[in-house]
Amino acid sequence: MTDVIPVQDPKSRYRIEPTVMQALRSPRLLTREVLAGLVVAIALIPEAIAFSIIAGVDPRLGLFSSFIMAVAIAFLGGRPAMITAATGAIALVIAPVAREYGMDYFIATVLLGGAIQIVLAALGVAKLMRFIPRSVMVGFVNALAILIFVSQFPQLIDVPWLVYPLVVIGLLIMYLMPRLTKVVPAPLIAIVLLTAAAVVFGLSVPTVGDQGELPRSLPELFIPNVPLNVETLSIIAPYAAAMAIVGLLESLMTAKLVDEITDTHSRKTREAFGQGAANILSGAFGGMGGCAMIGQTMINVKASGARTRISTFLAGVFLLILVLALGDVVAVIPMAALVAVMIVVSVATFDWHSVRPSTLKRLPKSETAVMLITVAITVWTHNLAIGVGAGVLAAMVLFARRVAHFVSVTRATDREASVPTVRYTVDGELFFASSNDLTTQFAYTHDPERVVIDMSHSHIWDASTVAALDAIQTKYEHLGKRVILEGMNEATSQMHGRLSGGLGAGH
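Here's what I pulled together on the structure shown here. (Residues numbered from 1 in each chain as written. Predicted model: local features only at pLDDT ≥ 70, side-chain atom pairs only at ≥ 80, totals over all residues. Heavy atoms only, no water.)

## Considerations on the environment of R450
Basically, it comes down to this: Under the DSSP-based scheme used, a helix requires at least four consecutive residues in state H or I and a strand at least two consecutive residues in state E, with every element numbered from the N terminus. Burial status follows relative accessibility: with a 1.4 Å probe on protein chains alone, a residue under 20% of its type maximum counts as buried, one over 50% as exposed, and anything between as partly exposed. Any pair of residues with heavy atoms lying within 4.5 Å of one another is described as a contacting pair. Definition of a polar contact: a pair of N or O atoms within 3.5 Å, with one able to donate and the other able to accept a hydrogen when the atoms are protein atoms, and with sequence-neighbouring residues admitted only if both atoms are side-chain atoms.
With respect to the element layout, R450 can be found in strand β5 (residues 450-460). Taking the relative accessible area as the measure of exposure, R450 reaches 25% and is therefore partly exposed. Measuring from C-alpha to C-alpha, the distance between R450 and Y476 comes to 9.4 Å, with 26 residues separating the pair along the chain. The residues contacting R450, other than those within four sequence positions of it, are A417, V419, P420, T421, V422, R482 and I484. Of the polar contacts made by the side chain of R450, one reaches the side chain of T421; its length is 3.2 Å.

In structure tokens:
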């Protein structure tokens, strides 16, 4: 008797455990989520300030944006435990608006960017993620790890020598603590111990407070004072569109990465809607907008072990509490502690298996090339969207090139036919890359007056192939020879019948 395996229910496919209710009922899980949120909040502060400086705006905008987006995405997003806040990618894209047109146009750009993301979500752009090959995904992950590591260099160059032993001690704490206990996240222990050491011994090292002034009041509703006309739209639309695309791409790629780490499925379309709504809320309260943060997400999911929306929500709440109520305490945290945390995150993020000699030997050269192209361009441009786009393009070109060589044409003389006949058998998938050389596979002048082309082992995918077949028939007809196409499957026959003779082949 054959066992019947039930097909997975689509709803259960997206059920991620532990759920929020399960975490709330379990003191162990809840403690893990709360502490993970606290670690992420502490790590968000200097990053949000740094990204505000990149965008050319007040540090408060980055901090408010991170708070609002983290809290909003906890309710609206499709990927539990993923952290969304102000990011460098978005800051780089929209920085020229603040510099050239001022704050009102900057906030208007954020609002429009969020609206565009909602439209893209409604159009189903999240489903395009299935077209991103694994080699691009691996390149994306490795490039992110490199960028996270490289972004720590400013905190390690031209700094007091005491920074270096503090970073090393922080790394040792995070390496050894998980062997003793996993109840409290190792990054939080490292931050607390290094901060205590810096304060007790009066160490003169760069601190979070040195990165920029922390806000003293809650964010307020902000309505940008810009004229509602075509001229305004022409100024902000290109930046808003770029922000929307970069933000969605980075967020959906990060969601896919978390899916793989946790072996669960996220709702990509809901995540795209959530990103748009979070950006609109951020802009409405004077925030600079953002998207999913790979570094903080890895701290949350990998380093701290969080799995639910509670950690994301609390990251936002703790961020606000830390900068408003405990600003003086946060300000004395040494940057060395946060650098150590980010170095550990970068090492954990990198896919070391992908660069092992044994793996590189087994993989096709084209797969390795796509991964390296994605890494190189992402690191060079510091833009994930450009790097992933280049990787996908390279994968498409290399795939088309590889498939193009799978088509073969064999020639045989049909001795049983009543008139001299030659039979060509076409084998393989025919599309623009493989059909371009099809016309060179026939011996036009040497063939007899009757030519049969057997298509039973091939399939026509596009107009380029139909044009190539028309060109072959035209060449034979000019020589007074008759061509018979046979063996086409239904789809191929329909496409050929619809397009043949109307593509200008042979003219």
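## Description of the nonpolar core
Test applied: Here the nonpolar core consists of buried residues drawn from Ala, Val, Leu, Ile, Met, Phe, Trp, Tyr and Cys, with membership extended through side-chain atoms lying within 4.5 Å.
Counting residues in each nonpolar core, the largest one holds 106 residues, and the members touching the most others are I45 and F106. Sorting elements by how many residues they give to this core places helix α3 (residues 27-55) first, with 13 residues. Apart from residues no more than four positions distant in its own chain, I45 is found in contact with L63, V208, L214, L319, L322, V323 and V330. By size, the runner-up hydrophobic cluster in this structure holds 20 residues, among which are V426, L430, M455 and A468.

## With respect to the environment of T262
By the element assignment, T262 lies in helix α10 (residues 230-262). Classification of T262 by relative accessible area gives buried; the value is 14%. For T262 and I16, which are 246 residues apart along the polypeptide, the C-alpha to C-alpha distance reads 9.3 Å. Polar side-chain contacts of T262 include one of 2.6 Å to the side chain of T264.

## A short note on the sheet that holds β5
As a reminder, the rule being used: If DSSP finds at least two bridges between two strands, the strands pair. Throughout, an axis means a line fitted to C-alpha atoms (over the contacting stretch in the case of helices), and angles, computed between N-to-C directions, take values from 0 to 180 degrees.
Here we have 4 strands laid out as an open sheet, ordered β3-β4-β5-β6, and mixed in their pairing. Every interior strand has two partners, whereas the edge strands, β3 (408-414) and β6 (482-486), have only one. Direction aside, neighbouring strands of the sheet carry axes that sit 20° apart on average. The sheet contact formed by strand β4 (residues 421-430) and β5 spans 9 bridges and is parallel. By the bridge assignment, R423 is partnered in β5 with V452. Helix-sheet contacts for helix α21 (residues 490-499) involve β5 and β6, and the interaxial angle to β5 is about 115°.

## Description of the packing of helix α6 (residues 103-122) against helix α11 (residues 268-284)
Counted only if it meets this: When an angle is under 35 degrees it counts as roughly parallel; over 145 it counts as roughly antiparallel; between 65 and 115 it counts as roughly perpendicular; any other value is oblique. Each crossing gets its hand from how the near helix is turned against the far one by less than a right angle, where anticlockwise is left-handed and clockwise is right-handed.
At a minimum axis distance of 8 Å, the contact between α6 and α11 shows a crossing angle of 165°. By the angle between their directions, the pair α6 and α11 is classed as roughly antiparallel. Judged by the sense of rotation from one axis to the other, the crossing of α6 with α11 is left-handed. Here I107, V110, L111, G114, A115, Q117, I118, A121 and A122 of α6 lie close against α11, whose contacting residues are T269, A272, F273, Q275, G276, A277, N279, I280, G283 and A284.

## What to know about the packing of α10 against α11
Our working definition: In this classification, the charged set is Asp, Glu, Lys and Arg, the nonpolar set is Ala, Val, Leu, Ile, Met, Phe, Trp, Tyr, Cys and Pro, and all remaining amino acids, among them Gly, are polar.
In the contact formed by α10 and α11, the axes pass within 10 Å of each other and the chain directions differ by 135°. Looking at the two axes, α10 sits oblique to α11. Here α10 and α11 pass one another in a crossing that is right-handed. Contact with α10, carried on its side by M243, L248, S251, L252, A255, K256 and D259, involves K268, E271, A272, Q275 and N279 of α11 and no other residues of that element. Residue composition of the contact of α10 with α11, grouped by class: 5 nonpolar, 3 polar and 4 charged.

## Let's talk about the pairing of β3
Pairing between β3 and β4: 7 bridges, direction antiparallel. Residue T410 lies in a different strand from β4, and its bridge partner there is T425. Joining the antiparallel neighbours β3 and β4 is a turn of 6 residues.

## A look at the packing of aromatic side chains
As a reminder, the rule being used: Each Phe, Tyr or Trp ring, with Trp reduced to its six-membered ring, pairs with another whose centre is within 6.5 Å; inter-plane angles below 30 degrees give stacked pairs, above 60 give edge-to-face pairs, and intermediate values give tilted ones.
Counting across every chain of the model gives 9 aromatic pairs. Plain terms: the ring middles of Y424 and F442 are 4.4 Å apart, the flat faces sit at 50° to each other, and that makes the pair tilted. Of this pair, Y424 sits in strand β4 while F442 sits in the loop between α19 (432-435) and β5, and the two are 18 residues apart along the sequence. Neither residue differs from the other here; Y424 and F442 are each classed as buried. Taken together, a centroid distance of 4.9 Å and an interplanar angle of 55° make the contact between Y444 and Y476 tilted. A residue pair is termed long-range when its members are at least 10 positions apart, and Y444 in the loop between α19 and β5 and Y476 in helix α20 (residues 463-478) qualify at 32 residues. Judged by its relative accessible area of 13%, Y444 falls in the buried class. A relative accessible area of 0% means that Y476 is categorised as buried.

## Here we look at the side chain of K268
Along the polypeptide, K268 turns up in helix α11. Beyond its immediate sequence surroundings of up to four residues, K268 is in contact with A126, L252, A255, K256 and D259.

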